[in-house]
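The lines below spell out each chain.
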Amino acid sequence: MKVLAIESTCDETAAAVVENCGEGVKILNSVVASSVLMHQKYGGIVPEVAAREQIKSIIPVITESVGEDKDSIQGVAVSFGPGLMGSLLVGVESAKALSWAWKKPLYSVNHMAAHVFANWIVEDKNTEVPMFPAVGLVVSGGHTDLVLMKNTKEWEWVGGTRDDAVGEAFDKAARLLGLPYPGGPEISKAVERVTVQMKERFGSKFKLPRPLFNEDSLDMSFSGLKAAISKIVTTLGSVDEKTRDVLAWEFSEAVIEILIKKTMLAVERYKPKSVLMAGGVAANKQLRENLKMAVEGVGEVKFFCPELRYCGDNAAMVGAAAIIAPREVKPVNLKPDPSVTTV
Ligand code: KG4
Ligand code: ZN
């Protein structure tokens, strides 16, 4: 089946054409337009600006993705939430209109589930896909969840953050350190600048807390880390570049240690065959490498993480979700749901 997928939950407008391939999904094209740079001067996303950019970009992006291929498309998929209402409306209404005009089935996709289904994107028929049961770690700007997946549709939320999402924590910490939005990639760059000598000299000076680290629970908490950085910055008065980078490194270490500890606790509890990471924060190099090592150290458990371009918001993952776990819906019944939680 060949599907046109649309994604417009936040500040990315995206469309992709995908088709099934073996047990996974092959991406025929994936187009993403982002308004992230327009939000930089505000230090975060401005919903009204994001929605207006969605309206400007949606038709060019869909047109580029569909190309001359319209007649071979057999269905239309769209993220219906969670996300920003104004942004969601643009993608959902466009998908409904196309489904109706082309007389093709419409598939509704939960955006967070779509992040996880990015792990079913394959190069060819021989690429391995995740096996069940699986533990999913979803880390994005709005979510930090651990889910137990029995199959493609039966998922159980088993843990996650009690306060800030991990991407939100990266963004807030970066802001406190004077780094631009979005903070995750900026903190990663700062980490790369920290030398061994800097770690030895300053590392222990700025030890940050690891909230809930030793508790026998899958709960996580990141807001205390942000408060700790704020306190250090206030005490120091001004932060030079080296101190800023060392603080970013210590923050990143703390977050990654918490995520790995809780994911491995879920592995111990649920004995999955695969661990899947997904979401914008899954682009973090240190997190990818360290979690892979921890998971594969267990033996028979396989680690999956999407290619970098499919970690942040994109439509390829929405198409993958519609093919692997299709949920067909009548256009008249599909409405955006900014705060949907169930996958
Ligand atoms: O999944 P996503 O693109 O959008 C949401 O659905 O929220 O995630 C965006 C989040 C932002 O908070 C951004 O700072 C974070 O992902 N992020 C990163 C990295 N790249 C993006 N966080 C840590 N390290 C990165 N390399
Ligand atoms: Zn997302």
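Residues numbered from 1 in each chain as written. Chains lettered and ligands numbered in written order. Predicted model: local features only at pLDDT ≥ 70, side-chain atom pairs only at ≥ 80, totals over all residues. Heavy atoms only, no water.

### Let's talk about the pairing of strand β3 (residues 24-34)
Note the threshold: Think of it this way: DSSP has to see at least two bridges between two strands before they count as a pair. The helix and strand labels rest on DSSP assignments: H or I over at least four residues marks a helix, E over at least two residues marks a strand, and numbering proceeds from the N terminus.
Where strand β2 (residues 12-21) and β3 come together, 10 bridges link them in antiparallel fashion. From the neighbouring strand, T13 faces β3, where its bridge partner is A33. The hairpin formed by β2 and β3 contains two residues between the paired strands, and G22 there has a positive phi angle of roughly 60°.

### Some words on the pattern of salt bridges
How we decide: Any carboxyl oxygen of Asp or Glu within 4 Å of a side-chain nitrogen of Lys or Arg constitutes a salt bridge here. Whether a residue is buried, partly exposed or exposed follows from its accessible area with a 1.4 Å probe, protein chains only, as a fraction of its type maximum: under 20%, in between, or over 50%, in that order.
Summed over all chains, the structure comprises 20 salt bridges. Taking the shortest distance from any N to any O, the salt bridge between K2 and D69 comes out at 3.0 Å. Placement of K2 in strand β1 (residues 2-7) and of D69 in the loop between α2 (47-66) and β4 (75-81) is noted, with a sequence separation of 67 residues between them. The exposure class of K2 is buried, given its relative accessible area of 14%. The exposure class assigned to D69 is partly exposed, which follows from its relative accessible area of 27%. E156 is the partner of K150 in a salt bridge, and the nearest nitrogen-oxygen pair spans 3.8 Å. Residue E156 is classed as partly exposed on the basis of its relative accessible area of 36%.

### Thoughts on the sheet that holds strand β12 (residues 328-329)
Threshold: We call two residues in contact whenever any of their non-hydrogen atoms come within 4.5 Å of each other. Here the axes come from fitting lines to C-alpha atoms, over the contacting stretch only for helices, and the angles between their N-to-C directions go from 0 to 180 degrees.
The mixed open sheet is built from six strands, whose spatial order is β3-β2-β1-β4-β5-β12. A single partner strand is all that each edge strand has here, and the edge strands are β3 and β12. Inspection of the sheet shows β4 paired to strand β5 (residues 106-110) by five bridges, in the parallel sense. Across the sheet, residue V78 finds its bridge partner in β5, namely S108. In this fold α2 packs onto β1, β2 and β3, with an angle of close to 30° to the strand it touches most, β2. Each of β1, β4 and β5 touches helix α3 (residues 85-102); the most contacted strand, β4, lies at about 155° to it.

### Quick notes on the UniProt feature "binding site: Fe cation" (unreviewed entry) in the protein chain
Going by this rule: UniProt positions are given in the numbering used here, feature names are shortened, and annotations may be inferred rather than shown by experiment. N or O atoms within 3.5 Å of each other form a polar contact, as long as, within protein, one can give a hydrogen and the other can take it, and as long as residues adjacent in sequence are counted only when both atoms are side-chain atoms.
Following the UniProt record, the feature "binding site: Fe cation" (unreviewed entry) maps to H111, H115 and D313 here. Annotated residues spanning 203 residues; largest pairwise C-alpha distance 8.8 Å, indicating a single compact cluster. Along the chain, H111 turns up in helix α4 (residues 111-117). Beyond its immediate chain neighbours, meaning those up to four positions away, D313 contacts E7, T9, C10, E12, V32, H111 and H115. Looking at D313, its side chain comes within polar contact range of the side chain of H111, at 3.1 Å.

### Topic: the sheet that holds strand β8 (residues 155-161)
Strand order in the open sheet made by the six strands is β9-β8-β7-β6-β10-β11, with mixed pairing throughout. Of all the strands in the sheet, just β9 (219-220) and β11 (302-304) have a single pairing partner and so form its edges. Along the sheet, helix α10 (residues 285-296) makes contact with β6 (134-139), β10 (274-278) and β11, crossing β11 at roughly 160°.

### Thoughts on the pairing of β10
Of all five residues in β10, five are buried, a share of seventy percent or more. Here β10 shows two buried faces, one formed by S274, L276 and A278 and the other by V275 and M277. When β6 meets β10, the two strands line up parallel, connected through five bridges. Counterpart to V138 in the pairing with β10 is A278.

### Notes on the coordination of the zinc ion (ligand 2)
Short version of the rule: Any N, O or S atom lying within 2.8 Å of the metal counts as a donor, with the limit raised to 3.2 Å for Na, K and Ca; because water is left out of the atom set, some sites can appear incomplete. All geometry calls rest on donor angles, where a four-donor set with angles between 85 and 135 degrees is tetrahedral, four- and six-donor sets with opposite donors more than 155 degrees apart and all others between 65 and 115 are square planar and octahedral, and all else is irregular.
For the zinc ion (ligand 2), the protein coordination sphere consists of H111 (NE2), H115 (NE2) and D313 (OD), at 2.0 to 2.1 Å. In this structure, the zinc ion (ligand 2) is coordinated by four donor atoms arranged in irregular fashion, with angles at the metal of 93 to 137°. Mapped onto the polypeptide sequence, the residues donating to the zinc ion (ligand 2) form the spacing pattern H-x3-H-x197-D. Taken as a pair, H115 in helix α4 and D313 in the loop between β11 and α11 (316-324) lie far apart in primary sequence, 198 residues in all. According to the relative accessible area criterion, D313 is buried, its value standing at 18%.

### Some details on helix α5 (residues 166-176)
Of all the residues in α5, the buried ones are V166, G167, A169, F170, D171, A173 and A174. Its buried side turned inward, α5 meets β6, β7 (144-149), α6 (183-193), α8 (223-236) and α9 (241-270). In the segment just after α5, G178 is the residue with positive phi, at about 80°.

### Observations regarding the side chain of E186
With respect to the helices and strands, the residue E186 is situated in helix α6. Here K189 takes part through its side chain, which lies 3.2 Å from a polar atom of the side chain of E186. In this structure E186 touches L179 and P180, once residues within four positions along its chain are discounted.

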